[in-house]
Every structure is written in C-alpha cells, then in structure tokens.
Amino acid sequence: MRLTANVPLPAPVTAPGYDRAAQAAGIVHIGIGAFHRAHQAVYTDDAMGAGDRDWGIVGVSLRSGDVAAQLNPQDGLYTVSARSAAKAELRVIGAVQKVLVAADEPQAVIAAIAAPTTHIVSFTVTEKGYLRGIDGLLDLAAVRGPSSLYRFVGAGLAARKAAGLPGLTLLSCDNLADNGAALNVLMRQYLAADHPGLIDWFDANCRCPASMIDRIVPATTEADRAAVASVLGVRDEGAVVTEGFSQWVIEDDFAGPRPCWEAVGAELVAAVAPYETAKLRMLNGAHSALAYIGLGHGHEFVHQAIADPAIRPAIERLMLDEAAPTIDVAPGQDLRAYAAALLGRFANPALHHRLIQIAMDGSQKIPQRWLETLAWHQARGSRCPSLEAAIAAWIAFLQSDHRIDDPLADRLREAAAGPGAMVRLFGEGGLIASEWRPDPAT
Ligand code: CS2
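Residues numbered from 1 in each chain as written. Predicted model: local features only at pLDDT ≥ 70, side-chain atom pairs only at ≥ 80, totals over all residues. Heavy atoms only, no water.

> Residue-level account of the sheet that holds strand β1 (residues 25–30), with values.
Taken in spatial order, the five strands make up an open sheet running β5-β2-β1-β6-β7, and their pairing is parallel. The sheet is open, and its two borders are formed by β5 (96–101) and β7 (169–172), each paired with just one other strand. Each strand axis lies, on average, 20° off the axis of its neighbour in the sheet, ignoring direction. In this sheet, β5 lies alongside strand β2 (residues 56–61) in parallel orientation, the contact comprising five bridges. By the bridge assignment, valine 60 is partnered in β5 with leucine 100. (Pairing = 2+ DSSP bridges. Helix = DSSP H or I, 4+ residues; strand = E, 2+ residues; numbered from the N terminus. Axes fitted to C-alpha atoms, helices over the stretch in contact; angles between N-to-C directions.)

> Go over the environment of alanine 409 with me, naming the residues and quoting the values.
Turning to its location among the elements, alanine 409 is positioned in helix α16 (residues 409–416). Residue classification places alanine 409 among the buried positions, given a relative accessible area of 14%. For the pair alanine 409 and arginine 424, spaced 15 residues apart in the sequence, the C-alpha separation amounts to 14 Å. (Buried < 20%, exposed > 50% of the residue type's maximum accessible area, 1.4 Å probe, protein only.)

> Account for the site of the ligand, naming residues and giving values.
Neighbouring the ligand are Asn175, Ile213, Asp214, Arg215, Ile216, Lys279, Asn284, His287, His353, Ile358, Lys365 and Arg369. Between the ligand and asparagine 175, the relevant distance is 3.0 Å, taken from an oxygen atom to a side-chain nitrogen or oxygen of the residue. Considered on its own, the ligand offers 340 Å² of accessible surface; in the complex 89% of this is hidden by protein. With three residues, the top contributor of residues to the shell around the ligand is helix α9 (residues 273–296). Residues belonging to the shell around the ligand are distributed by class as follows: three nonpolar, four polar and five charged. Mapped onto the domain boundaries, the shell around the ligand takes at least three residues apiece from domain 1 (20–269) and domain 2 (273–426). (Near = heavy atom within 4 Å. Polar contact = N/O pair within 3.5 Å; in protein donor to acceptor, adjacent residues only side chain to side chain. Areas by Shrake-Rupley, 256 points an atom, 1.4 Å probe, with all protein chains shown as cover. Nonpolar A, V, L, I, M, F, W, Y, C, P; charged D, E, K, R; others polar. Domains from an automatic or database assignment.)

> Let's hear about the pairing of β1: which residues, and what values?
When a strand is regular, its side chains alternate between the sheet's two faces. Burial of β1 is extensive: six of the six residues sit out of reach of the surface. As judged from the five bridges shared by β1 and β2, these two strands associate in the parallel manner. In the sheet register, histidine 29 faces β2, and the bridge partner there is glycine 59. Here β1 runs beside strand β6 (residues 120–123); their pairing, made up of four bridges, is parallel. Each residue of the ladder has a partner; that of histidine 29, found in β6, is serine 122.

> Could you give an account of the sheet that holds strand β10 (residues 247–251), naming the residues involved and the relevant values?
Taken together, three strands build an open sheet; the order of strands is β8-β10-β11 and the sheet is mixed. Either end of the sheet is taken by a strand with one partner, and the two such strands are β8 (211–214) and β11 (267–269). If you compare each strand with its neighbour and ignore which way they point, the axes differ by 15° on average. Strand direction decides the pairing type here: β8 and β10, joined by four bridges, are antiparallel. Residue pairing across strands places serine 211 opposite isoleucine 250, the latter belonging to β10.

> So, the domain arrangement of the protein: which residues are in play, and what are the values?
Domain assignment breaks the protein into domain 1 (20–269) and domain 2 (273–426). With centres defined by C-alpha atoms, the gap from domain 1 to domain 2 works out at 26 Å. The interface is formed by 27 residues belonging to domain 1 together with 27 residues belonging to domain 2. Linking domain 1 with domain 2 are four salt bridges. Glutamate 243 is the partner of arginine 345 in a salt bridge, and the nearest nitrogen-oxygen pair spans 2.6 Å. Those elements giving two or more residues to the side of domain 1 that touches domain 2 turn out to be β8 and β9 (240–242). When residues in the side of domain 1 that touches domain 2 are grouped by element, the largest group, four residues, is from β8. Of the residues assigned to the side of domain 1 that touches domain 2, the class counts are 13 nonpolar, seven polar and seven charged. (Contact = heavy atoms within 4.5 Å. Salt bridge = Lys/Arg side-chain N within 4 Å of Asp/Glu carboxyl O.)

So this is what it looks like as structure tokens:
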C-alpha cells in the first residue's frame, strides 16, 4: 500500500492542517527534487497551515519522470523526516498538488505558468540548470535543448502577456552568487533571442528576488524509505530525509502576491547578500572542501570527514580565517557563531550525507564557493592554505578513479592530468573562469 490522501496517519506523524482540495495552485516549481520538498514546500505548507490560502504547488521535472511517479499516485503527499542523533520527526507535506514532466507534457507546464492563479515560478535546478557557458553568459545552444527552463518560462510569460494577465515573480532557490540578479540577466538574454517583444513587458511586470536557502538534504536511500514505511505503515516513494535546521532569507521584491512565509520562519529582507555570501563561502565552501579532502582520506560521509582530526582544523580555518573576513556582515550577523553551528550540523550522525553527492558538479560550484574568497585574499596579498589544499584535493579527485559527475567532466579530466593542471584549470583562459590566479609554478 502507498501513502495517499485516504490513508490514516499514525499519531506521531503530523498531517497538513488545511483543506488541500480547496487550495488553488499559486506556485509553479521547476526542479522538484528532494531539496525543494524538504525546504520551500515545507514553508509553504506551514504558511497554508497558518491560514494563508491558495499556495498549492505544481511541481515540474524538466526531464526525469521519477518524482512524478513517486508523488502523483500519492496525491502529491510525501513525508519529511527531520533527523538528529536524538530524534526523527516525521510529517506529511500537502503543499504539492501534482508533478508535471516537461519533456512529456510541455503544454501543461506552459499552461500552469500562464494560469491566472499562478503568481510565483520558483526554481531548484542546481547550478548547472541555469545553462551558463564558461563566460557566465547563457549558452544559447543549450537553451533550445530539453533541459531548458527558459523555453517554458518564456512561453508561459508570452501567454500571460497575450491574455493581459499580471507578470510573475521568478524565484531562484539555487546556490548561485546573487541568484536573483543572475536569473534576471539570463532570462533577459533568453528573451532577447527567442521573444524580443517580451523584454519590456518582463522588465515592467516581473521580479527576480534573491534568496538564501539552507537545509541539508541527502539523497533518499532505500533504507530511509523502509524506515519511513515502518512508522507510516504504508510505503512513501517520495520520502525525503533532512536535518532539523532550516533557513530561508528572501529579498522582499515580489511582482505580486506571495505566501506569508515570514509568519512561519522565513526572513524577508531588503538585502540578502550578506547571508547568501556567508552561506556560499562558509557552508558550501566547507562542504566542497570536506567532499574532496574527505574522499581523498577514504571517508564516505560528511559526519566522518568532519570528525577526522586530520581534516577538521583545516575546515575551521577555511570558514573563520579565509571565508569570514571576505564577508560584509549585516548588523547582528555573527560569523563565529555561524561557523560553530555549521560544525555541529556537519557532525549530525543521523544524516548519512554522502561526500560524493557534494563532489558532483565541481566546475559549477567552486567559483562561488572558493574562488571568490581566494581572489579577495590574493588582491590583499594574503593566502588561503585551507582553500589551496581543497583545490589540490579537487585536482586529485579529477585524477582519481572516481566517476566525475560534472557537465565539463571530460575537459576537466584532460585539464587535470599531469603537471600544469592548476594553470590549465584556473590560469588566464583556463577552463574555470576565475579572478584568482594560481602560482604559475604549480
Ligand atoms: C551541498 C549543498 O551538495 C552540495 O553541494 O553543499 O547541497 C548543501 O547541502 C545545501 O546548500 C545546504 O543548504
């Protein structure tokens, strides 16, 4: 038996506290992976539970039918398990109404974006999903391909304009530097190529707020699904497992209505940059360093790598001595406390967060996680021994027998082989655009 709206839930499991069937869909979310289900969908479920209405989510997968096959037979329902060493809290989330697979039903995706009830299109498509070339600009060949969010959003916006409907908020929830402005620039580049008549309307009617999103969400395993089934009494193919911690800081710049997320823990602020930069350079920067250094030491999980006395001090230095000084903090933002909290989160033994999951797509992650910090120090004549060790560990990873899961995999392997790898990767005209220049002797 599967989890559905008709299955009674056992007492410790929290159920949606509102009439799901009565809610209109106000959000289309593109890239409905585990991260969205454990983070933004939970805030939206909480907002509807607190009395806000009509923020149902239509999820979209661009290509894979996996999440649709998990959630559609379950009426969109799934569980979130928040795990620490001490406890696991289980709740059922009701915010997702259905999942569309864009490759199979492109018109349904465009119709959802163009629906009068839709006010927000949000994204968790990962760094590579924005289809930027090495120069950071939109890869115009890739945007015409099957993994392109742009075609669907462009067609949906064109339909809204033609119908005289209001514009939309396009909300990036990915770990890009200045994600809102980045999406805005890329979207305008796409419109200039395929819908030039839409640009003025887009500028006048749409908004792309920045956001900092934070919750550690390892890929769900079969053991996780079995543990959830043992509590629920039925199978939940869409189950996600995460930590107790969750944070969302959003630039308060919306084109129209939005859920009252601030009533349920999100922070709506004028400027996200201090939080986003701290998160990218400290949390994600440490994560990627733990991944490559940890794998080099034979570890499998984040909690093992951070417990290793040969690794932990370098990670502390990376956060406090290398990343923290580069951040222009907001009033009241305490980076020492932030680093201490991050060390505690990384140590969570109940999460089983695989280093190899974090190691994927290094070419897309390393610029905002490491290179901006390195460049800041280089401009001031200081060095970053921990980040330099992390770079060396990445190169060793590229030279190793590990499968390289990265859109630039073949070119990275080639560039990393043999002496001079640093310069081929990060030097003038190298594979990774960088303001930081490695020592030519390396
Ligand atoms: C991780 C992130 O996989 C990765 O690259 O660094 O997914 C990280 O777990 C999240 O950003 C935490 O909010």
